[in-house]
Amino acid sequence: MESERVTYERDGHVATITYSRPEKLNAIDGAMRAGLNEAFDEFRADDEAWVGIVTGEGRAFCVGADARGEGNPAGDFPGSFWERPTVNSFESGWEIYKPVIAAVNGHCLGYGLTLVTWCDLVIASENATFGFPEVRLGIPTIVGAIRLPQRIGWQPAMELLLTGERVDAERAREMGLVSRVVAHDDLMPEARALADRLLAGAPLAQRAIKEMARRAPDLGQTEAIRFGETMRRVAGATEDAAEGAAAAREKREPRWQGK
């Protein structure tokens, strides 16, 4: 992909997507929205990309929408009024079941924090801050309000959503929003080390697990188990499942193919 605002790089089976508008603290304008959607679409479609890392260039992860920038930071889509698509980006709920790590290098606000709530694992630099400032601008946070209470519980979510205040990395860890806080210079090596740990698991099995975890809360228990058992049968018929069994018998590390 080519974008002045977003980069997509793959090293082996790990893809790194980087917000790259540091002079504006990676605020999202129309061009960055197009670049982000293109990058996540490439990650979703790339058979060799098994794990994703998303981070920011400079001293911010992403400070949200650029109200003064050109274009629509939410993107431009066909349709009118209610008929315009709602699920139109990774932040708003694109179905990507590959594991995604957020490596939060600095300020993480608004759209940036919304994206983090859709990531599976979050590592933060000691310099990171988190917040949903929308309420202080007179507008409601919507997708964040849907996801955050499910992610970290009601009271810490309401603290962030209703005050509009920022919290530092340690407070975010206490809230359950962040799994680990590391020295700033260690952030990307730690994120890559975590990605490498994820590569030890069979990629198609991981995607089935993540999809099951996402869908189960919206299903009844019996329906969730039936859906999961169907996915188990599909995953169990793959070449990777046969390789996993063979590796266990032969007492060696499996060689996954994502097939």
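Residues numbered from 1 in each chain as written. Predicted model: local features only at pLDDT ≥ 70, side-chain atom pairs only at ≥ 80, totals over all residues. Heavy atoms only, no water.

Help me get a handle on the environment of proline 140, residues and values and all.
Within the element layout of this structure, proline 140 appears in the loop between strand 8 (129–131) and helix 3 (143–152). Residue proline 140 is classed as exposed on the basis of its relative accessible area, which comes to 60%. Sequence separation between proline 140 and glutamate 4 is 136 residues; the distance between their C-alpha atoms is 30 Å. (Helix = DSSP H or I, 4+ residues; strand = E, 2+ residues; numbered from the N terminus. Buried < 20%, exposed > 50% of the residue type's maximum accessible area, 1.4 Å probe, protein only.)

I'd like a description of the sheet that holds strand 7 (residues 121–125), backed by residues and values.
Read across the open sheet, the 6 strands follow the order 1-2-3-5-7-10; overall the sheet is mixed. On the outer flanks of this sheet lie strand 1 (6–11) and strand 10 (180–182), each paired with one strand and no other. Each adjacent strand pair in this sheet contributes to an overall mean axis angle of 20 degrees, direction not counted. (Pairing = 2+ DSSP bridges. Axes fitted to C-alpha atoms, helices over the stretch in contact; angles between N-to-C directions.)

Which residues make up the sheet that holds strand 9 (residues 167–168), and what values go with them?
Neighbouring strands of a sheet are bound in pairs by backbone hydrogen bonds; such pairs are parallel or else antiparallel. Strand order in the open sheet formed by 4 strands is 4-6-8-9, and the pairing between neighbours is mixed. Each end of this open sheet is capped by a strand with a single partner; those strands are strand 4 (60–62) and strand 9. Relative to strand 8, strand 6 (residues 107–109) runs parallel, the two being bridged by 3 bridges. Considered in strand 8, the bridge of leucine 109 is made with glycine 131.

So what's going on with the side chain of lysine 98? Which residues, and what values?
Along the chain, lysine 98 falls in the loop between strand 4 and strand 5 (100–104). Within the buried core, lysine 98 has no salt-bridge partner, and the shortest N-O distance to an opposite charge, that of aspartate 47, equals 5.7 Å. At 2.6 Å, the side chain of lysine 98 forms a polar contact with the backbone oxygen of phenylalanine 43. Within polar-contact distance, the side chain of lysine 98 engages the backbone oxygen of alanine 49 at 2.8 Å. Contacts of lysine 98, omitting those with residues within four sequence positions, involve Phe43, Arg44, Asp46, Ala49, Trp50, Asp120, Arg207 and Lys210. (Lys, Arg positive; Asp, Glu negative; His and termini not counted. Salt bridge = Lys/Arg side-chain N within 4 Å of Asp/Glu carboxyl O. Polar contact = N/O pair within 3.5 Å; in protein donor to acceptor, adjacent residues only side chain to side chain. Contact = heavy atoms within 4.5 Å.)

Got a sec to walk through the environment of glutamate 4? Specific residues and values, please.
Secondary-structure assignment places glutamate 4 in the segment before strand 1. For glutamate 4, a relative accessible area of 72% translates into the label exposed.

Kindly report on the pairing of strand 5, identifying the contributing residues and their values.
Burial of strand 5 is extensive: 5 of the 5 residues sit out of reach of the surface. Neither face of strand 5 is open: one carries Val100, Ala102 and Val104, the other Ile101 and Ala103, and all of them are buried. In terms of strand pairing, strand 3 (residues 51–56) meets strand 5 through 3 bridges, oriented parallel. From the neighbouring strand, glycine 52 faces strand 5, where its bridge partner is valine 100. As paired elements, strand 5 and strand 7 share 4 bridges and run parallel to each other. Counted as the bridge partner of isoleucine 101 is leucine 121 from strand 7.

I'd like a description of the domain arrangement of the chain, backed by residues and values.
Under the domain assignment, the chain is made up of domain 1 (6–199) and domain 2 (202–250). Every contact between the two is made by 12 residues of domain 1 and, on the other side, 7 residues of domain 2. For domain 1, the biggest contributors to the area lost against domain 2 are Trp50, Tyr97 and Trp118; these three give 55% of the whole. Linking domain 1 to domain 2 there are 3 salt bridges. Counting every contact that joins domain 1 to domain 2 gives 7 residue pairs in polar contact (both at pLDDT 80 or more). Tallied by class, the residues present in the side of domain 1 that touches domain 2 amount to 9 nonpolar, no polar and 3 charged. (Domains from an automatic or database assignment. Buried area = accessible area lost by both parts, 1.4 Å probe. Nonpolar A, V, L, I, M, F, W, Y, C, P; charged D, E, K, R; others polar.)

An account of unusual backbone geometry is requested, with residue identities and associated values reported.
Unlike most non-glycine residues, leucine 25 shows phi in positive territory, near 55 degrees. Tracing the chain through its elements places leucine 25 in the loop between strand 2 (14–19) and helix 1 (30–45). According to the relative accessible area criterion, leucine 25 is partly exposed, its value standing at 23%. Positioned with a positive phi, lysine 251 is a non-glycine residue whose angle comes to about 55 degrees. Within the secondary structure layout, lysine 251 lies in the segment after helix 9 (239–250). Take lysine 251: its relative accessible area is 79%, and that puts it in the exposed class.

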